[in-house]
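Residues per chain, in single letters:
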Amino acid sequence: ADGLKILASVLAPEGAIGIMVYGKYGRIGIYAMQELMRFINKGADDPYQMLDNCKRMLPLLPPTNLFKRLENPLGDHVAMGEAGIYDALLHSTDRAYTVSELYDLVETCGLKIRHFLTVNQSYDPSFYLQDPYLLSCLSGLSQRERQAAAELLAGSMLKHTFYASFTPAQFPSSTQEDNIPFLASLTGVSANEVASVVGNAQEPIGTLNGKYFGIRFPKTAYTKMFFRFMDGRRN
């Protein structure tokens, strides 16, 4: 909360801030594993010994183990090697939030949650539930309550990524010519790099492989030109 208040203090009155925090329910297997490793590593103060103990434990987990059952969608402990194992399973100050707790945190700092970013998930219960009667039971809830219900329905939200602001958000439309496009999920990757990869691709699709991700872009007559001019300043 102190950190968010500091960020809010330097946010322009009409500005917005993008935030990601861990989701409590989707990471329940991680927190069970963290607790298990606290038992295993009780009294240990050498991080390398703690890491070795965790690596020894991972292949021995029974199929019923909560982390084992949720392991595939999590992935950081595999993709990021020993750093990923330590960060996910031996973290000493990990803090996760439910949707309701997240609203409390943000509003305590004088901000409002304006929009959740979603990838293969939704904060709308109707995304998971098609029963008209049950949806009618949820129809009278506030947006905050409906989003909290959706999180419980999904049970798989590892992270909450959202925009917050002081004033109501004005969502862009494809008809607004003053929009400035940017590469939201490619931190440290320039549009020129994307243009180069797509332009040099031999196939209709160009793939840009980073350390932790791979993203595929369609190759058309205009793709390279489009990315070449996407510099974070041009509309």
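Scroll up for the structure.
Residues numbered from 1 in each chain as written. Predicted model: local features only at pLDDT ≥ 70, side-chain atom pairs only at ≥ 80, totals over all residues. Heavy atoms only, no water.

1. Considerations on the side chain of Gln147
Take Gln147: it is sitting in helix H9 (residues 143-154). Among the residues examined, Gln147 registers a relative accessible area of 10% and is labelled buried. Apart from residues no more than four positions distant in its own chain, Gln147 is found in contact with Val99, Tyr103, Phe116 and Tyr123. (Helix = DSSP H or I, 4+ residues; strand = E, 2+ residues; numbered from the N terminus. Buried < 20%, exposed > 50% of the residue type's maximum accessible area, 1.4 Å probe, protein only. Contact = heavy atoms within 4.5 Å.)

2. Some words on the nonpolar core
The biggest cluster of nonpolar side chains holds 21 residues, and the ones touching the most others in it are Leu4, Leu102, Val106, Leu111, Ile113, Phe116 and Phe162. Listing elements by their share of this core, those giving two or more residues are helix H1 (2-9), strand S1 (16-23), helix H7 (99-108), strand S3 (112-117) and strand S4 (159-165). Beyond its immediate stretch of four places on either side in the chain, Phe116 contacts Leu102, Tyr103, Tyr123, Gln147, His160, Thr161 and Phe162. Core analysis: the second largest hydrophobic core is formed by 14 residues, Met50, Phe67, Leu89 and Leu90 among them. (Core = buried A, V, L, I, M, F, W, Y, C linked by side-chain atoms within 4.5 Å.)

3. Re the sheet that holds S1
By definition, the strands of a sheet pair up through backbone hydrogen bonds, in either a parallel or an antiparallel sense. Spatial ordering of the open sheet is given by S2-S1-S4-S3, a layout of 4 strands whose pairing is mixed. Two strands close off the open sheet at either side, each with one partner strand: strand S2 (96-97) and S3. Packed on one face of the sheet, H7 meets S1, S2, S3 and S4 and runs near 135° to S3. (Pairing = 2+ DSSP bridges. Axes fitted to C-alpha atoms, helices over the stretch in contact; angles between N-to-C directions.)

4. Some words on the pattern of salt bridges
The tally for this structure, following the rule as stated, stands at 9 salt bridges. Here Lys24 makes a salt bridge to Glu101, at a shortest N to O gap of 3.0 Å. Of this pair, Lys24 sits in the loop between S1 and helix H2 (28-40) while Glu101 is found in helix H7, placing the two residues 77 residues apart along the sequence. Assessed through its relative accessible area of 28%, Glu101 is described here as partly exposed. Between Asp124 and Arg146 there is a salt bridge, with the nearest N and O atoms lying 3.0 Å from each other. Placement of Asp124 in the loop between S3 and helix H8 (132-138) and of Arg146 in helix H9 is noted, with a sequence separation of 22 residues between them. (Salt bridge = Lys/Arg side-chain N within 4 Å of Asp/Glu carboxyl O.)

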